[in-house]
Amino acid sequence: MAKDLEKPKVRPAGKLDHDAPRLALEMGDDGVLKVDIPGQWGRIMEASRNWTVLEGLVAHVTHLGAEGQKHDQQASNFALGFVDAMEPRDPAEMLLLTQMAATHQAVMMMARHLNHTKTIQQKDCAEKAFNKTARTFATQMETLKRYRSKGQQVVRVERVTVEAGAQAVVGNVEAGGGTNL
């Protein structure tokens, strides 16, 4: 049954923007990992801004793997698909998104461990690891949100009351700009 989940036979109906970037990994008889890069890499290439960063990303993503495996094509492609779908704008976002994909995979691995523990000590250990990685992912999401907003904060006033005879200003108000008399 697990093999049936590895590769869907047919893609689900719906609109996808494009053929996501992928890695085709094959270990040669000589022990050298052969990497092919099908799919559309435009967004990731543009965000990386140079070949060295892009090659580093590919090298790191090829080593994401399921437990006990040195390379896992499905895990690598999930990470690349996530990074691509999040449309990184620059190298910092691209790397943070890659870390987020790896962290998510770790969270899911810890959840699996937690569900299959046999002793209280194993459960405690798995629970701690799960909580730490889940909090890390939440922190990464917040970091991405702050980075993308460039630190701008929005304050929204829900209710304003103006008493009779008072004046109110509606619109954007900026400090300064006053005149000296």
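Residues numbered from 1 in each chain as written. Predicted model: local features only at pLDDT ≥ 70, side-chain atom pairs only at ≥ 80, totals over all residues. Heavy atoms only, no water.

A. Spotlight on the nonpolar core. Counting residues in hydrophobic clusters, the biggest one holds 21 residues, and the most contacted among them are Leu 23, Trp 41, Ile 44, Leu 57, Val 61 and Leu 80. Put simply, the parts of the chain that give this core at least two residues each are helix 2 (42–48), helix 3 (51–62), helix 4 (73–85) and helix 5 (91–115). Here Ile 44 is in contact with Pro 21, Leu 54, Leu 57, Leu 80, Val 83, Asp 84 and Met 94, once residues within four sequence places are set aside. (Core = buried A, V, L, I, M, F, W, Y, C linked by side-chain atoms within 4.5 Å. Buried < 20%, exposed > 50% of the residue type's maximum accessible area, 1.4 Å probe, protein only. Helix = DSSP H or I, 4+ residues; strand = E, 2+ residues; numbered from the N terminus. Contact = heavy atoms within 4.5 Å.)

B. Representation of the packing of helix 3 against helix 5 in the model. Close contact between helix 3 and helix 5 brings their axes to 11 Å; oriented N to C, the two are set at 0 degrees. Viewed along their axes, helix 3 and helix 5 adopt a mutual orientation that is roughly parallel. Contacts between helix 3 and helix 5 involve Val 53, Leu 57 and Val 61 on the former and, on the latter, Pro 91, Met 94 and Thr 98. Looking at the contact of helix 3 with helix 5 residue by residue, the class counts come to 5 nonpolar, 1 polar and no charged. (Axes fitted to C-alpha atoms, helices over the stretch in contact; angles between N-to-C directions. Parallel < 35°, antiparallel > 145°, perpendicular 65-115°, else oblique. Nonpolar A, V, L, I, M, F, W, Y, C, P; charged D, E, K, R; others polar.)

C. Fine view of the side chain of Gln 105. For Gln 105, the location among the structural elements is in helix 5. For Gln 105, a relative accessible area of 16% corresponds to the buried category. Those residues in contact with Gln 105, other than ones at most four positions away along the chain, are Leu 64, Ala 75, Phe 78 and Ala 79.

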